[in-house]
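Commentary on secondary and tertiary structure
These are the residues of each chain, in order.
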Amino acid sequence: MFMELVTVVGVYATLCWLYENLRTPVLLLVQGFQQLFLGGQTSLPQKYGPWAVITGGSDGIGKGYAHYLASQGMKVLLIARNEAKLKRVADEIMANHQGAEVKVLVADFSKGEQIYERLEQELAAFDIGILVNNVGVINEKPIQVDRMEKRMLWDLININCGAATNLCNIAVPAMKRRHRGLIINISSLSSVAPTPYLAIYAATKAYMTSFSLALRQEVAPYGIECQTVAPGYVHTSMTEYLNPAEGQKNAFSIRLVKVADMIRYAGYCIGKVDQTTGHWSHGIQTATLNMLPASLKLRVFTRLYTQLLHEYSNTDKKTT
């Protein structure tokens, strides 16, 4: 009787894991075959609307999405706080994608509530088809919560949580009226488990995943899609501290995926799946972690980031 119960529990746990971790790749294959053999693929502007709004669009993943969406015929509105970088990326997109229309909007999401009234007024002029909530910050190095500067604490909350929440609040009503639209929320692999020494960042990304999955259910009856993207390590300015000196490698740098490689996969996922890690290698990492119970995932992340904490503590001591 006991062995039968263990077998039933084991089969149930295996089926749950298979569903959670193979659902996205299976959907991608099915959708890919349907488009290949049945045709009838609708362009992104036709399906969702003409404009793509991308926060944090001046660098990294946001910049990658901007290039990809422009290549798919979307008009692009880039939002970030550095006007010079925004204009440089806009010029780059228009030079690389003939006929692309790109506009920029300067906004500093670290300022919190005060910026959103102006943003709402500015965005009212655009028929937003795709909203990419990408803007985010991370503490430069692993650090204990009590040693973090107050400014960084608020930046993590205002930017990583506040920006996506408020922009969805602004954009969704018009999407509901038009009965179309797509929201892409960028979360992180760190949302899978609590992450000591990256505690606040990981918690903000856990919020993003929870918010995005719930929002998907809310907007689905109105013909609006909501996709959650939870990548692992991607080589951007936010993960530069993981990259050692030229010619050297470490356990973290070898896991860094180039932005172009991630966007190639993540772009293919648009309109096909509601959840993705943004890259196949990150999917394997997430599936592996999901085999572990919550307590073991926490121990894995604790060991990983304790190692990083010690490495950068030693580096700081050497440079002072």
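Everything below is about the structure shown above.
These remarks concern the structure in this document. (Residues numbered from 1 in each chain as written. Predicted model: local features only at pLDDT ≥ 70, side-chain atom pairs only at ≥ 80, totals over all residues. Heavy atoms only, no water.)

**Comments concerning the packing of aromatic side chains**
Enumeration according to the criterion identifies 3 aromatic pairs in this entry. Judged by centre distance (6.3 Å) and plane angle (40°), the ring pair of Phe109 and Tyr116 falls under tilted. On the basis of relative accessibility, which here comes to 3%, the residue Phe109 falls in the buried class. Taking the relative accessible area as the measure of exposure, Tyr116 reaches 7% and is therefore buried. Note that Lys176 overlies the ring of Tyr222, its terminal NZ or CZ placed 4.4 Å from the centroid. (Phe/Tyr/Trp six-rings, centres within 6.5 Å; stacked < 30°, edge-to-face > 60°. Buried < 20%, exposed > 50% of the residue type's maximum accessible area, 1.4 Å probe, protein only. Lys NZ or Arg CZ within 6 Å of the ring centre and 35° of its normal.)

**Some details on the sheet that holds strand β4 (residues 128-133)**
Two modes of strand pairing occur in sheets, parallel and antiparallel, and in both the strands are linked by backbone hydrogen bonds. If you walk across this open sheet you meet the 7 strands as β3-β2-β1-β4-β5-β6-β7, and the pairing is parallel. A single partner strand is all that each edge strand has here, and the edge strands are β3 (102-106) and β7 (275-276). Across 5 bridges, the pairing between strand β2 (residues 75-80) and β3 is parallel. When the sheet's bridge partners are listed, Leu77 is paired in β3 with Lys103. Against the sheet, helix α6 (residues 150-178) touches β1 (51-55), β4 and β5 (182-186), its axis set at about 165° to β4. (Pairing = 2+ DSSP bridges. Helix = DSSP H or I, 4+ residues; strand = E, 2+ residues; numbered from the N terminus. Contact = heavy atoms within 4.5 Å. Axes fitted to C-alpha atoms, helices over the stretch in contact; angles between N-to-C directions.)

**Side note on the pattern of salt bridges**
What the rule picks out here adds up to 12 salt bridges. Note that Glu92 and Lys63 form a salt bridge whose closest N and O atoms lie 3.5 Å from each other. On the criterion of sequence distance, the pair formed by Glu92 in helix α4 (residues 83-96) and Lys63 in helix α3 (residues 60-71) is long-range, its members being 29 residues apart. Judged by relative accessible area, Glu92 falls into the partly exposed class, the value being 30%. For the salt bridge of Glu101 with Lys75, the shortest nitrogen-to-oxygen distance reads 3.8 Å. Of this pair, Glu101 sits in the loop between α4 and β3 while Lys75 sits in strand β2, placing them 26 residues apart in sequence. Of the residues examined, Glu101 reaches a relative accessible area of 32% and is grouped as partly exposed. The exposure class assigned to Lys75 is partly exposed, which follows from its relative accessible area of 32%. Here the salt bridges share partners, and the residues they tie into one network are Arg23, Arg216 and Asp274. (Salt bridge = Lys/Arg side-chain N within 4 Å of Asp/Glu carboxyl O.)

**Some thoughts on helix α7 (residues 199-219)**
Along its 21 residues, α7 runs 30 Å from first to last C-alpha, staying within 8% of the 30 Å computed at 1.5 Å per residue. Among all positions of α7, only Ile200, Tyr201, Ala202, Thr204, Lys205, Met208, Thr209, Phe211, Ser212, Leu215, Arg216 and Val219 are buried. Against β4, α6, β5, β6 (225-229) and β7 lie the buried residues of α7. (Expected span 1.5 Å × (residues − 1).)

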